[in-house]
Amino acid sequence: MSDAAPTDRNRLDAEESPYLRQHADNPVNWQPWDEAALDAARERDDPIFLSIGYSACHWCHVMEEESFEDPEIARRLNDDFVPIKVDREERPDLDSIYQSICQMTQGTGGWPLSVFLTPEGDPFFVGTYFPPEPKRGMPGFGDLLSDIRESWETDREGIAERAEKWANAIRGELEETPEPADDAPAGTLEPAAQAAVRGADREHGGWGRGQKFPQAGRVHVLLRAHDRTGRDPFREVATEALDAMIGGGLYDHVGGGFHRYCTDRDWTVPHFEKMLYDNAEIPRALLAGYQVTGDDRYRERALDALEFVSRELQHDDGGFFSTLDAQSEGESGDQEEGAFYVWTPDEVREAVDGLEFASLDAAVDAETAADLFCDRYGVTQPGNFEGRTVLTIVASVADLADAYDLDADAVESVLDRATEAVFDARAERPRPRRDEKVLAGWNGLTLSAYAEAGLVAGPQAAEPAVEALDFCREHLWDAEERRLSRRYKDGDVSVDGYLEDYAFLARGAFDLFQVTGDVDHLAFALDLARAIEENFWDADEGTLYFTPADGESLVARPQELTDQSTPSSAGVAAELLLALDHFVPREGFAEIAERALATHASEIESGPLRHTSLVLAADAYENGHSELTVAADSLPDDWRAVIGAAYLPGRVLAHRPPTADGLDSWLDALELDEAPPIWADRAARDDEPTVYACRSFTCSPPTHDVHEALDWFAESGSTTAD
């Protein structure tokens, strides 16, 4: 090994990523992924050890403590490899590339992702977490380092052959496109919903027989299919999943918000990290569930989750932070998973001690309040997680009322007061670490959730999103170059935006236009959509790539077609372009979406549950959007309430000024020569707010009654819009 800089020291102290900085004190000479590190690997002719994770990842912390803080492991990594650490939240392109080969060769993936690469970046060995010593069929990490180094020195030809084979496999999986169909796929929504029903866990809700992940995209598919067909199983499976998410340990019953996933089939014990994207996508699904069923529980839990986001994940200047860690300091003084969230009966009694309920027409004291809380949320002496209890709803209010000889209102009042006291007591505990990256794409997902909440609960509910959008435009958007950066952290802006950043943020801006009527939000969405066409659309291949055309040259240029922890960026982009085409029909956005859907028709049709966002986009292309053009100075409050309570999949709420002169000023702001059909000839009538309902080039008469407009949608094919 040569002493070539920069690999003779750990360089992560200069990085802004909290995950990378967490490793800056490791004895491993970690390098960020940059040209200096890659050049050093080529100069040294040493393999790269690439470790990909994120700050809230439990097993990433475990591997750090077990291996990366071990001096002997560090010496071997430093001497025999170029160790590179990557935050997958900053570099989803690298994660996509190397995660794909892990899934192809190991049948699974996850984090920490551990990959051994040639100096050219081609992978030749991959895995996830490795223990320090052999365990349950996994090699010890130290032994693995020795074996790989020996192979590097004695079998370079074999390694080169494997690396070439794997690199070709990655390109085939992520980069190549199939022969396109003649048209976008049709009729994919119902088969996707049927597949979701077949795969559902009808006993416990959701999907899978082991770990339970929130699957918001599947909920949207099921609810839209129910709206289209009226079939009860579609709605039942969707609501069973929503009930499981809000009733079990995935939901934080004290502070609001959702954890990442549950480790068991019955949704009891979560992995406790809280991700911004989950607390955007799950509330959107809950609000759709509320619109379909009228069940206020879904509305309340969605709004509670967004209140958590505003309270604990919002920058003072507006942007939303990324994650809260799963771990925090426990009673031992060590970092423990879930320590912030779990309870014993004695801790609950101490928290509610001193509460008085003199205003109730019943004899309730603090001890009774503690008992009610414990019975409601299953807090027991043995607990359900390492001697303590993850809160889950185990008793209904009605059952508690019977058991304690109280009326239901009294039980709810006592539980509300007790929960407030438990929340206050929890606030005194050491808090989980917060990853204060502001990511453009994740902020975009969150804007959409707040926007829908603004329709459901009033414009004030969307105000945090308006602040966040202003933050992203100020710090991450270069209007002159029309380029979006992905990450802001403490004043530092870095990483060129990916398709998900442009598509998610554009959809969020467009959704805010729908609730606020601020044409500036629409203008920004259009700017981002034009940048999508310029940077990510490949007309020759008929696809939207995840990385920009002028981005870093990697093993492959990936596409993101499947829905994973976040929606497919290609699917969101396609549906967004179809919606924005209503406003700029001459710019060809719909043609791009149609061609992308046609290119991937075979993939969508063969695996609809893996491609839920593309299925929803294909359905929007096939059936058109539900257009509501509102000609008014502002959306009347009673209209907003009616629209917010209605389930209108594929809704485009197109505000416009009531007069032609007002519309001309909007057209000037958007640099449009003429009014698009969604606005043209749709002025206010009789000097009153007027609504026009249209779908697939067919429109209702203009009306001053929003109920009439929604009834028209119901009569023209939607079953639950009224």
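By convention here, each chain's residues receive numbers from 1 onward along its written sequence. In keeping with the model being predicted, local features are shown solely for residues with a pLDDT of at least 70 and side-chain atom pairs are shown and tallied solely at 80 or more, while totals for entire chains, interfaces and linings include all residues. Neither water nor hydrogens contribute to the side-chain values; these are computed over all heavy atoms in the structure.

### Topic: the packing of helix α8 (residues 189–198) against helix α9 (residues 216–229)
- Between the N-to-C directions of two axes lies an angle of 0 to 180 degrees, each axis being a line fitted to C-alpha atoms and, for a helix, fitted only over the stretch in contact. Each helix is a run of DSSP H or I of at least 4 residues and each strand a run of E of at least 2, with the numbering of both proceeding from the N terminus. At a minimum axis distance of 9 Å, the contact between α8 and α9 shows a crossing angle of 120°. It follows that α8 is oblique to α9 by the angle criterion. Judged by the sense of rotation from one axis to the other, the crossing of α8 with α9 is left-handed. In contact with Leu 189, Glu 190, Ala 192, Ala 193, Ala 196 and Val 197 of α8, α9 contributes Val 221, Leu 222, Arg 224, Ala 225, Arg 228 and Thr 229.
- For this classification, the nonpolar set comprises Ala, Val, Leu, Ile, Met, Phe, Trp, Tyr, Cys and Pro, the charged set comprises Asp, Glu, Lys and Arg, and every other residue, Gly included, is treated as polar. When its residues are assigned to classes, the contact of α8 with α9 shows eight nonpolar, one polar and three charged. Any angle that is under 35 degrees is reported as roughly parallel, and any over 145 degrees as roughly antiparallel; angles of 65 to 115 degrees are reported as roughly perpendicular and all others as oblique. Helix crossings are classified by the rotation of the near helix relative to the far one: an anticlockwise turn of less than a right angle makes the crossing left-handed, while a clockwise turn makes it right-handed. Only heavy atoms enter the contact rule, under which two residues are in contact if any of them lie within 4.5 Å.

### Side note on the sheet that holds strand β7 (residues 274–275)
- The pairing criterion is simple: DSSP has to find at least two bridges between the two strands. Strand order across the open sheet formed by three strands is β7-β8-β11, with antiparallel pairing between neighbours. Since the sheet does not close on itself, it has two edges, and those belong to β7 and β11 (434–435), each with one partner.
- Note: strand β8 (residues 323–324) against β11, two bridges, orientation antiparallel. Each bridged residue has a counterpart across the sheet, and for Thr 323 the counterpart in β11 is Asp 435.

### Here we look at helix α13 (residues 345–352)
- Think of it in three bands: residues with accessible area under 20% of the maximum for their type are buried, residues over 50% are exposed, and the middle band is partly exposed, with areas taken using a 1.4 Å probe on protein chains only. Three or more residues of α13 are buried, namely Pro 345, Glu 347, Val 348, Ala 351 and Val 352. Buried positions in α13, seen along its axis, are confined to an arc of 160° and lie on one side of it.
- Packing partners of the buried residues in α13 comprise α14 (366–377) and α16 (408–426). Here the arc refers to the directions that run from the helix axis out to each C-beta atom.

### Overview of the confidence of the model for the protein
- The score called pLDDT rates the predictor's confidence residue by residue, from a low of 0 to a high of 100. Averaged over all residues, the pLDDT of the protein equals 95, while 98% of them reach at least 70.
- Contacts from residues 1–5, a stretch scored under 50 in pLDDT, to residues over four places away or in other chains number eight contacts.
- Between residues 718–722, whose pLDDT stays under 50, and residues either more than four places distant or in other chains, the model counts 19 contacts.

### With respect to the pattern of salt bridges
- Salt bridge criterion: a side-chain nitrogen from Lys or Arg within 4 Å of a carboxyl oxygen from Asp or Glu. Enumeration over the complete set of coordinates arrives at 53 salt bridges.
- Between Glu 312 and Arg 311 there is a salt bridge, with its nearest N and O atoms 3.0 Å apart.
- By relative accessible area, Arg 311 is classed as partly exposed at 36%.
- Residues Asp 325 and Arg 433 are paired through a salt bridge, measuring 3.0 Å at the closest nitrogen-oxygen approach. Separated by 108 residues along the polypeptide, Asp 325 in the loop between β8 and β9 (327–329) and Arg 433 in the loop between α16 and β11 bring together distant segments of the chain.
- Assessed through its relative accessible area of 2%, Asp 325 is described here as buried.
- Residues joined in a network through salt bridges with shared partners are Arg 44, Asp 46, Arg 149 and Glu 153.

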